[in-house]
Amino acid sequence: MAEEEREIMEVAMEAGHILLENGAEIFRVEETINRICRHYGIKSGSAFILSNGIFVTSGNMEEETFAKVQHIPVSGSHLNRVAAVNQLSREVEEGRCTIEEVRKRLDEIRQMPGKSNHMQIISSGIGSGAFCYLYGGNLSDCLAAFLSGFLLYIFVLYISGPHLNKMMSNIAGGAVATVASMALFKLGIGQNLDRIIIGSIIPLVPGVAFTNAIRDIADENYIAGTVRMIDALLVFFCIAMGVGLVYTVKQRIMM
């Protein structure tokens, strides 16, 4: 029985790990771990979740003692994996999965492929053009933002991502988006440089992380929410620094 209880706790923690590292909110991670524990009979299970760590314990006079900590670095979002784990937790509550099946499904979810580089590059361009339009850009501005966002994500995926740390990657990304926007503007593509730049930097903005930070704070998960908020604000600051550096260099050259 002790081995079975340990397996249940390991599976619950694995589900929480996948959720947290792929951008899920703190309450969702806690709820999933508790659902799995309760369904399989672990009444003393308890989870404490931070933005980059999971603490899971169980044990009383009737149940085996279990305690484990996992560090989970702050990373990007893969919401398809989050949705898959959510669906699996519902199936667990409905009694449709054994613990071995849950373990197998979690391994499959962890191996789910992310979006291809080509898809991310095209999506970056489309998103940049669409946001440029929302901020009041005309069709030529949207075209320039599309091309700038397209070039930006080529830089992110093949140069800054593999070779630079997070701070430098966002500074460089903001600078590249600004330089590309200015170059396209000089070539006569687009009429409103500010709107082109705003649209082109949107793919760098950590919208999911910022939204989750607000959600966590609203749910009184102050430590995790604050850490996520600081991380998102640091990204905003780095993007702005990259844009500002390009503008500063431009002004000095023109003087």
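Structure: above.
Predicted model only: the values in this text are computed from it and were never measured.

Procedures and definitions
Residues numbered from 1 in each chain as written. Predicted model: local features only at pLDDT ≥ 70, side-chain atom pairs only at ≥ 80, totals over all residues. Heavy atoms only, no water. Helix = DSSP H or I, 4+ residues; strand = E, 2+ residues; numbered from the N terminus. Buried < 20%, exposed > 50% of the residue type's maximum accessible area, 1.4 Å probe, protein only. Contact = heavy atoms within 4.5 Å. Areas by Shrake-Rupley, 256 points an atom, 1.4 Å probe, with all protein chains shown as cover. Lys, Arg positive; Asp, Glu negative; His and termini not counted. Charge placed at Lys NZ, Arg CZ, Asp CG, Glu CD. Disulfide = S-S within 2.5 Å. Patch = residues over 30% accessible without salt bridge, like charges linked within 9 Å, V, L, I, M, F, W, Y side chains within 5 Å. Salt bridge = Lys/Arg side-chain N within 4 Å of Asp/Glu carboxyl O. Polar contact = N/O pair within 3.5 Å; in protein donor to acceptor, adjacent residues only side chain to side chain. Expected span 1.5 Å × (residues − 1). Bend = angle between axes of the 7 residues up to and from the residue.

## Structural notes on the overall build of the chain
- Looking only at helices and strands, the chain has 10 helices and three strands in total.
- In sequence order, the chain lays out its α and β elements as α-α-β-β-β-α-α-α-α-α-α-α-α.
- By residue count, 43% of the 255 residues in the chain fall in the buried class.
- Within the chain, contacts between residues at least 6 apart in sequence are counted, and of these 66% link residues at least 24 apart.
- With the model as given, the accessible surface of the chain reaches about 13600 Å², and the carbon-plus-sulfur share is 62%.
- Across the chain, the 21 positively charged side chains and the 26 negatively charged ones have centroids separated by 11 Å.

## Things to note about the state of the cysteines
- Scanning the model with the defined rule gives zero disulfides in all.
- Left without a disulfide partner, Cys 97 is nearest to the cysteine sulfur of Cys 37, which lies 16 Å away.
- Given a relative accessible area of 9%, Cys 97 falls into the buried group.

## A few points about a nonpolar patch on the surface
- Where nonpolar side chains cluster on the molecular surface, the patch consists of Phe 131, Tyr 133, Leu 134, Tyr 135 and Ile 198 and spans about 550 Å² of accessible area.
- Among the elements that take part in the nonpolar patch, helix 5 (residues 117-134) stands out by supplying three residues, more than any other.
- Note on placement: Ile 198 falls in helix 8 (residues 193-201).
- Taking relative accessible area as the criterion, Ile 198 reaches 34% and is therefore assigned partly exposed.

## Comments concerning unusual backbone geometry
- The phi torsion at Glu 220 lies on the positive side, around 70 degrees, for a residue other than glycine.
- Along the chain, Glu 220 turns up in the loop between helix 9 (207-218) and helix 10 (222-254).
- Here Glu 220 falls in the exposed class, since its relative accessible area comes to 58%.

## A look at the environment of Thr 32
- Tracing the sequence through the fold places Thr 32 in helix 2 (residues 26-39).
- In this structure the C-alpha to C-alpha distance between Thr 32 and Gly 190, which are 158 residues apart in sequence, comes to 48 Å.
- Apart from residues no more than four positions distant in its own chain, Thr 32 is found in contact with Ala 15, Leu 19, Val 85, Asn 86 and Ser 89.
- For Thr 32, the side chain forms a polar contact with the main-chain oxygen of Arg 28, separated by 2.9 Å.

## Remarks on the pattern of salt bridges
- Counted under the stated rule, the structure contains 13 salt bridges.
- Of the charged contacts in the structure, one is a salt bridge between Arg 35 and Glu 93, with a shortest N-O distance of 3.7 Å. Taken together, the positions of Arg 35 in helix 2 and Glu 93 in helix 3 (residues 79-93) put the pair 58 residues apart, joining distant regions of the chain.
- For Lys 166, the salt bridge is made with Asp 231, and the minimal N-O distance between the two is 2.8 Å. Here Lys 166, found in helix 7 (residues 166-186), pairs with Asp 231, found in helix 10; they are 65 residues apart in sequence, far enough to count as distant.
- On the basis of relative accessible area, Lys 166 is assigned to the partly exposed category, the value being 42%.

## Quick notes on helix 6 (residues 139-163)
- With 25 residues, helix 6 should reach 36 Å at 1.5 Å per residue; the first-to-last C-alpha distance of 35 Å fits that figure.
- The largest bend in helix 6 comes to about 45 degrees, at Val 156.
- Where helix 6 is buried, its residues touch helix 5, helix 7 and helix 8.

## As for the environment of Leu 50
- With respect to the helices and strands, the residue Leu 50 is situated in strand 1 (residues 46-50).
- Residues Leu 50 and Asn 165 lie 115 residues apart in sequence; the distance between their C-alpha atoms is 23 Å.
- Contacts of Leu 50, omitting those with residues within four sequence positions, involve Leu 20, Ile 26, Phe 55, Ile 223 and Ala 224.

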